[in-house]
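Coordinate inspection notes
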Amino acid sequence: MSKAFSGVSRRQILAVGSGVTLLPLASLLEFACPVPSASASDDSLRLTTFDPREAALLQCVSRTLFPHDFLDDRQYMKIVATLDSKAAADKDVAVTLRAALERFPDNFAATVEAHREDYLRSLEGSVFFKLTYQETLAGLYGDPVVAALLGDEGSSIEHGGYLQRGFDDLSWLPADKAANK
Amino acid sequence: MIKAARFELDDASVVVVIGSGAGGATVGNELAQKGIKVICLEAGPRLSLSDIRNDRAAMFTRLTWLDPRVGSGDLDPQLPAFLCKTVGGTTLHWAAVALRFQSHDWQPLSVYGSIAGANLIDWPTTHAEMQPWYDRAEKKMGVSGSAATGLPRLPGNNNYKVLSYGAQKVGYRDVYTANIAVNSRAYDGRPGCLQTGFCMSGCAIGAKWSTLYTEVPRAEETGNFELRSECHALRIEHDAAGRASAVVYKDAHGTDQRQRARVVCVAGNAIETPRLLLLSTTAMFRDGLANSSGQVGRNYMTHTSGAAYAVMPGEVHADRGTQMAGIVMDEGRHQDNRNFVSGFLLETLPPQGPLGLARRAKPGAWGREYARTIENYRNVAGLWIVGEDMPQYGNSVMLDPTVRDQHGLPVARIHHTDHPNDAAIRKRAWEVARSIYEAAGARTIHTRGPFAATHNMGTCRQSTKSRDGVCNKFGRTHDVQNLFISDGSQFTSSTTQNPTLTIVALAMRQADYIARLMARREL
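Attention here is on the structure that accompanies the text. In this text the structure is predicted, and so the values were computed from the model without any measurement.

1. Side note on the overall build of chain B
A tally of regular secondary structure across chain B gives 11 helices and 17 strands. Relative to its length of 523 residues, chain B is compact, with a C-alpha radius of gyration of 22 Å against a globular reference of 24 Å. By principal-axis analysis of the C-alpha atoms, chain B measures approximately 65 × 55 × 45 Å. For chain B, buried positions account for 68% of its 523 residues. Here the analysis covers contacts within chain B between residues at least 6 apart in sequence; of these, 75% occur between residues at least 24 apart.

Right, here's the structure in full:
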């Protein structure tokens, strides 16, 4: 069991689980948004509304809102795909998102995270922000794959619950005060 | 074998109970056990245990009353009030904390004194007269940690261990796994708890008390009880003498039906109960049924709630195990030397998955730092604040003038704002929560304000005088002698305790009262 204050570094969780040492925060902040690659080869993520520039920007927005370095681009592209289908179904959504993307700085995806955060903070309260925020939050953490990577253990009833599987296995506190009275 | 009764629509000898949750199914079953004919109308569908899955999102959608409502004040506009629309009502969702009121809770005005802005009165019900009913309610529900049941307390899960350690380290002593209506061993034909987690998504093995698989089938077995699920009450009718005479409802096929009644018990939760009375306005009852006091829909109370989520130095896996089997009681006692009256309890509350954590720990937050909290999901401990919420006349459930539901009826317009006492309680509770988690070594602590919980109370309150409230100490309305309030709407004050045990105890006492009146032909 990890006693570390366990942040997780880019993609490493896939290989080694949760007990990973954190990269220095400063180095992470240097990263620009990765160039999207997942969409081209994956039919399930084929977009009908957004062009490649818009899709890349939306993916970068999603990652900036909830940046998890261990998640690959595909997870964020799935959120773009959801936004794309919403935009396809609702013209107002399409117009709102595209108009906001049109005004994004040219170098948004290439700039460091702190600058991207600053720009998104300036959009807080806008419909664009609300749409992308809500979709990223629900789409990312509501995805069972992502939830499992973060430690969600899913349904337990078919395993007999946790009665014999660690509901009270915490051992890093002194036992005397943690025990049941 | 279930031999559920079938009664005719024009059978005027039946008691019609509206709602099948803690109040409705309990009063219905108790009456049926005494040989009284009961029809229970439930707006939601009837699930079975096999429908209950460990899937928070799916069960939320399946159980929750999601008909449109309008919320204002400090309520979440997306979900201004949380209750369930299903056979069993909110007992499907509840976390099963089953606490008795403290002795002072029955006399808030006498103990706290008059408080500006608070519409306080004492309950007409007394502490002493409720104790035997609490004993009976605890036995019915299989409350662990109750002297009446003899059931031992549940073991503490990891989230409890963190709370317990921190609380004791800062000097609290009344810290334990609460009294919970979850079987600590097999009881009443239901199994012991498997520490599954997911209590609030419905207990898949029935270890948690819910009327879905206790009161409802027990009542049906008497042959005196007919459940009509997916039947949504639209209004209560009365006769020329001002007595409730029938309930009009929309049946499962969308057809309006009129069920005649000898007695009507309303238990639609403190949102739908006042709404139904207000929808039952007539020439004789111009402000709504049983509303000569003007208090129907008034004094809507939730609890002064909030939450704290702490990133601990080691793994907690707080979503494992009984969700709310953990409590700090020390701050729940009223003390004269604080800048607020009454107090608050702290109860374990798990994050409910990474999504629950992301949504709740710091609403609206995003960015690298917040993502790190979510990445530490495994290490998160959490608690919920349950403080007394002052009754305020302006906190209310009214009919919305414009928005209509699927039946064409005005939806509930719900308003709630904090009283200064509520705000002082929450501020102190946040400080205490921080000190507890810091004492246990927390690295990051998020405190936050309330989100909709299923604690809805007070919109048809009990009162000694008919001008102060809607019903008497048995839930019988002051204005309509054969109309009863059978749910948490009848609460005169919110107290610091979770409401369900008291709802059940009051419903049992009400059934006893109704049966006595009927035997004497006074109903």
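2. Some remarks on empty space enclosed by the protein
All names here are of chain B. For the structure shown, the criterion picks out 3 cavities of 30 Å³ or more. There is about 100 Å³ of room inside the largest cavity. What lines the largest cavity is a set of 13 residues, among which Cys193, Thr196, Gly197, Cys199 and Cys203 lie closest to the centre. Classifying every residue of the lining of the largest cavity gives 7 nonpolar, 5 polar and 1 charged. In this structure, the second largest cavity encloses a volume near 80 Å³. When the residues that make up the lining of the second largest cavity are grouped by side-chain class, the tally is 4 nonpolar, 3 polar and 5 charged.

3. A few points about the state of the cysteines
The final tally for this structure, using the stated rule, is 1 disulfide over all chains. The disulfide partner of A:Cys33 is A:Cys60, and the gap between their sulfur atoms is 2.1 Å. The chirality of the disulfide connecting A:Cys33 with A:Cys60 is right-handed, given an S-S dihedral of about 90 degrees. Placement of the pair is A:Cys33 in the loop between helix H2 (25-29) and helix H3 (52-65) and A:Cys60 in helix H3, with a sequence separation of 27 residues. Take A:Cys33: its relative accessible area is 11%, and that puts it in the buried class. Assessed through its relative accessible area of 2%, A:Cys60 is described here as buried. There is no disulfide at B:Cys193, and the cysteine sulfur nearest it, in B:Cys199, is 6.3 Å away. In this structure B:Cys460 is a free cysteine whose sulfur lies 7.1 Å from that of B:Cys471, the closest cysteine sulfur available.

4. A closer look at the interface of chain B and chain A
Across the contact, 58 residues belong to chain B and 59 residues belong to chain A. Considering only the side of chain B, the residues that lose the most area to chain A are B:Trp366, B:Arg368 and B:Glu375, jointly responsible for 20% of the buried surface there. Linking chain B with chain A are 4 salt bridges, by the criterion used here. The tally of links from chain B across to chain A stands at 27 residue pairs in polar contact (both at pLDDT 80 or more). Residue contributions to the side of chain B that touches chain A peak at 8 residues, all from helix H5 (residues 158-169) of chain B. By residue class, the composition of the side of chain B that touches chain A is 26 nonpolar, 18 polar and 14 charged.

Rules used throughout
Residues numbered from 1 in each chain as written. Chains lettered and ligands numbered in written order. Predicted model: local features only at pLDDT ≥ 70, side-chain atom pairs only at ≥ 80, totals over all residues. Heavy atoms only, no water. Helix = DSSP H or I, 4+ residues; strand = E, 2+ residues; numbered from the N terminus. Rg over C-alpha atoms; globule rule 2.2 N^0.38 Å. Buried < 20%, exposed > 50% of the residue type's maximum accessible area, 1.4 Å probe, protein only. Contact = heavy atoms within 4.5 Å. 1 Å grid on protein atoms, 1.4 Å probe; cavity = no way out; pocket = protein on both sides within 12 Å on 5 of 7 lines; lining within 4 Å. Points joined across faces, edges and corners; volume = space filled by probe spheres on them. Nonpolar A, V, L, I, M, F, W, Y, C, P; charged D, E, K, R; others polar. Disulfide = S-S within 2.5 Å. Buried area = accessible area lost by both parts, 1.4 Å probe. Salt bridge = Lys/Arg side-chain N within 4 Å of Asp/Glu carboxyl O. Polar contact = N/O pair within 3.5 Å; in protein donor to acceptor, adjacent residues only side chain to side chain.

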